[in-house]
Amino acid sequence: MTDVFSEERRSYVMRCVPSKNSKPERIVRSYLHLNGFRFRLHCHKLPGKPDVVLPKRRSVVFVHGCFWHRHDGCKYATMPSTRVDFWKEKFFRTQKRDKEQTSELMKLGWKVYVLWECEIKNSLKRRARLERLLHQLSSENSR
């Protein structure tokens, strides 16, 4: 199957996909802020530039897009029908980088939480997932 866009149009479309401050990320930040959590954004000093950094709790939150980070079993983690070998390699590198960054953060003493786009996008899952995150972060502080 061929792409419906020309190569330059596809490149433009892909460049428009936000790498930070996405809607799911803003929802997570808003929820944390409304519940009294204070945090930093995209800390360049930490591996992977986490989306949310809670320094007092030594915790970070990544809000991963299901397509880009390959959420197992998710309907949004589809495989493009063109240039399949290119995409397989790209996704492999992304997943490898995610694992390395998580490992590095944990070695530095940080707790790492990953929320998936589909958990935040789906309003039925959103509340439960955000409440679970809130509970995890709150119980961290009481230890």
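All values derive from a computational prediction rather than experimental measurement.

A. Summary view of the packing of aromatic side chains. Applying the stated criterion to the full structure yields six aromatic pairs. Centre to centre, the rings of Phe 86 and Trp 87 are 5.2 Å apart; their planes meet at 80 degrees, and the pair counts as edge-to-face. An aromatic cluster of at least three residues, connected via ring pairs, comprises Phe 67, Trp 68, Phe 86, Trp 87 and Phe 91. Taking the ring centre of Phe 86 as reference, the NZ or CZ of Arg 83 above it sits at 4.2 Å. Between Lys 121 and the ring centre of Tyr 76, over which it is positioned, the NZ or CZ distance is 4.4 Å.

B. Quick peek at the sheet that holds strand 2 (residues 52-54). In spatial order, the strands read 1-2-3-4; together these four strands make up an open sheet with mixed pairing. Strands at the two margins of the open sheet, each flanked by one partner only, are strand 1 (40-41) and strand 4 (111-116). Against the sheet, helix 2 (residues 23-34) contacts strand 1, strand 2, strand 3 (59-64) and strand 4, and its axis sits at roughly 145 degrees relative to strand 3.

C. Structural detail: the side chain of Thr 94. Within the secondary structure, Thr 94 sits in helix 4 (residues 84-107). Beyond its immediate chain neighbours, meaning those up to four positions away, Thr 94 contacts Trp 68 and His 69.

Thresholds, definitions, all that
- Residues numbered from 1 in each chain as written.
- Predicted model: local features only at pLDDT ≥ 70, side-chain atom pairs only at ≥ 80, totals over all residues.
- Heavy atoms only, no water.
- Phe/Tyr/Trp six-rings, centres within 6.5 Å; stacked < 30°, edge-to-face > 60°.
- Lys NZ or Arg CZ within 6 Å of the ring centre and 35° of its normal.
- Pairing = 2+ DSSP bridges.
- Helix = DSSP H or I, 4+ residues; strand = E, 2+ residues; numbered from the N terminus.
- Contact = heavy atoms within 4.5 Å.
- Axes fitted to C-alpha atoms, helices over the stretch in contact; angles between N-to-C directions.

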